[in-house]
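Given next are the chains, with one letter for each unit.
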Amino acid sequence: MKIAIVSVTSPGRKLALKIKNILLEDPVVIKVDTFHKNVKDNLNQIIASYDSIVGIMATGIMIRSICPLLKSKTTDPGILVIDEKGKHVISLLSGHLGRANDLSLKIASLIGAQAVITTATDINQIIGIDTLASRYFWEIENPELIVDFNQSLLQGEKIGLLTNSCICYIFDHPGVGGSYYLVNKKKIKDHNSLSIKNNQIKALIEDKILNITPKKVVVGLGSRKGVTCYQVLQAMKETLENLKLPLNRVDLIATGEMKSNEKGIMEAASYLGVPLEIVSINELKDCKSPQCSTSPLVKNKFGIKGVCEPSALIAAGEKSKLIIKKVARYKVTVAVAISN
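Predicted model only: the values in this text are computed from it and were never measured.

**Side note on the nonpolar core**
Residues Ile107 and Trp138 are the most contacted members of the largest nonpolar core, which totals 72 residues. When neighbours within four sequence positions are excluded, Ile107 is seen to be in contact with Ile19, Leu23, Val54, Leu80, Ile82 and Val89. Core analysis: the second largest hydrophobic core is formed by 19 residues, Val218, Ala254, Val279 and Val298 among them.

**Some points on the packing of helix α8 (residues 229–240) against helix α9 (residues 263–272)**
Where α8 contacts α9, the axes come no closer than 7 Å and their chain directions differ by 65 degrees. Pair α8 / α9 crosses with right-handed handedness. On the side of α8, the interface is formed by Cys229, Val232, Leu233 and Met236, while α9 contributes Gly264, Ile265, Glu267, Ala268, Tyr271 and Leu272. Of the residues that constitute the contact of α8 with α9, the class distribution is eight nonpolar, one polar and one charged.

**Focus: unusual backbone geometry**
One non-glycine residue, Ser94, lies in positive phi territory at about 60 degrees. You will see that Tyr330, though not glycine, has its phi angle at about 55 degrees, which is positive. Counting through the fold element by element, Tyr330 comes out in the loop between β15 (321–329) and β16 (332–338). With relative accessibility at 38%, the residue Tyr330 sits in the partly exposed group.

**Thoughts on the sheet that holds strand β4 (residues 78–82)**
A sheet is described by the order of its strands in space; here six strands give the open sequence β2-β1-β3-β4-β5-β6, paired in mixed fashion. Of all strands in the sheet, those with a lone pairing partner are β2 (31–36) and β6 (114–116), marking the two edges. Between one strand and the next, the sheet's axes are offset by a mean angle of 20 degrees, whatever the strand orientation. Relative to strand β3 (residues 52–56), strand β1 (residues 2–7) is paired through five bridges, and the arrangement is parallel. The residue bridging Ala4 from the neighbouring strand is Ile53, located in β3.

**Description of the layout of surface pockets**
Its volume calculated, the second largest pocket comes out at about 500 Å³. Along the wall of the second largest pocket there are 25 residues; nearest its centre are Ser223, Arg224, Lys259, Leu297 and Val298. Elements with a minimum of two residues in the lining of the second largest pocket: β12 (217–223), α11 (296–302), α12 (308–316), β15 and β16. Of the residues forming the lining of the second largest pocket, the biggest block, four residues, is contributed by α11. Split by residue class, the lining of the second largest pocket holds 10 nonpolar, six polar and nine charged.

**A word on the packing of helix α2 (residues 39–46) against helix α3 (residues 59–66)**
Running from amino to carboxyl end, α2 crosses α3 at an angle of 55 degrees, the nearest separation of the two axes being 10 Å. Overall, the two elements α2 and α3 adopt an arrangement that is oblique. Considering only the axes of α2 and α3, their crossing is right-handed. In this structure, α2 contributes Val39, Lys40 and Leu43 to the contact, and α3 contributes Ile61, Met62, Ser65 and Ile66. Here the residues of the contact of α2 with α3 are counted per class, giving five nonpolar, one polar and one charged.

**Digging into helix α1 (residues 10–23)**
Taking 1.5 Å per residue as the helical rise, α1 with its 14 residues ought to reach 20 Å, and the 20 Å between its terminal C-alpha atoms agrees with that figure. On the buried face of α1, the contacting elements are β1, β2, β3, β4 and α4 (100–111). Measuring from the side-chain oxygen of the N-cap residue of α1 to the backbone nitrogen of Gly12 gives 3.1 Å; that N-cap residue is Thr9.

**Description of the packing of aromatic side chains**
Under the counting rule described, the total for this entry stands at three aromatic pairs. Ring centres of Phe35 and Tyr50 lie 6.2 Å apart, and the angle between their planes is 85 degrees; on these two criteria the pair is classed as edge-to-face. Highlighted residues: Phe35 in strand β2 and Tyr50 in the loop between α2 and β3, separated in sequence by 15 residues. Owing to a relative accessible area of 10%, Tyr50 belongs among the buried residues under this scheme. Plain terms: the ring middles of Tyr136 and Trp138 are 6.2 Å apart, the flat faces sit at 35 degrees to each other, and that makes the pair tilted. Judged by its relative accessible area of 2%, Tyr136 falls in the buried class. Taking the relative accessible area as the measure of exposure, Trp138 reaches 5% and is therefore buried. An aromatic cluster is defined as three or more aromatic residues linked by ring pairs; in this entry it consists of Tyr136, Trp138 and Tyr169.

What counts and how
- Residues numbered from 1 in each chain as written.
- Predicted model: local features only at pLDDT ≥ 70, side-chain atom pairs only at ≥ 80, totals over all residues.
- Heavy atoms only, no water.
- Core = buried A, V, L, I, M, F, W, Y, C linked by side-chain atoms within 4.5 Å.
- Buried < 20%, exposed > 50% of the residue type's maximum accessible area, 1.4 Å probe, protein only.
- Contact = heavy atoms within 4.5 Å.
- Axes fitted to C-alpha atoms, helices over the stretch in contact; angles between N-to-C directions.
- Helix = DSSP H or I, 4+ residues; strand = E, 2+ residues; numbered from the N terminus.
- Left-handed = near helix turned anticlockwise from the far one by under 90°.
- Nonpolar A, V, L, I, M, F, W, Y, C, P; charged D, E, K, R; others polar.
- Pairing = 2+ DSSP bridges.
- 1 Å grid on protein atoms, 1.4 Å probe; cavity = no way out; pocket = protein on both sides within 12 Å on 5 of 7 lines; lining within 4 Å.
- Points joined across faces, edges and corners; volume = space filled by probe spheres on them.
- Parallel < 35°, antiparallel > 145°, perpendicular 65-115°, else oblique.
- Expected span 1.5 Å × (residues − 1).
- Polar contact = N/O pair within 3.5 Å; in protein donor to acceptor, adjacent residues only side chain to side chain.
- Phe/Tyr/Trp six-rings, centres within 6.5 Å; stacked < 30°, edge-to-face > 60°.

See below:
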């Protein structure tokens, strides 16, 4: 997550710096920048470059400034507003797909504030279809139907999920089983008309179909020599817990060619039943992504910035992005990227 914090007053600026320093310790926060005053100009410059924008200002200022810049609920960043005394954190826009609700709760807990969440599914403790998609990095192809699906959930109906892939991991989340179920295609009337591509999900309710495509989740790994399969799996598991992602949501493991014979990494990929992609030294050298941090040790030894972060980004494909920056556990370094 890339976050921009915009302040207006002097106390607001101090609070912005405090929040920035705290958030940068979180592995799911890739970047935090602060901006002061010139609200409209700053928002116009940053709206397309950040996943979330936090305004430390009056709600009215943010609403009047951000409205002309909004385009779509699928592309607009999450928008939050905090008062300069840090008493309330308001999730203002893109609470689900933009993760503004989650970020509001996170920041409120970090600064001792009260989070203000107003989305109907959340206050009724129901997991909306857009919340589910956001949590597991699924892309909804026809988002205009989201409101219909969430309204059905609020009325007590269940959403059927039809897929050729295994998505059983969603039922590890409390509350999902009460609102969603897996559909047996053979039991659906006119099921032959439902064409499902590999890795695609169709959400069904009444006569409506929501088309969903999961993004590719790639775990990039680096390690000390001789790590065990258990160490690799445990490091991955604990790292993914930062986003409440289960191990079986991982689509691919990637590492650099200098680790291509590391038994623990190979066995971990085999255990999870996912492909292991070996990224060449030349590819790692060519990776210039500003998302990647630099390891002096790796730089001196191999002439590259790092292993796990660039491996994850390269394997996830063009325009991919980190969702968890490098975490070191059990002599293993782990980073996670998603496809565009």
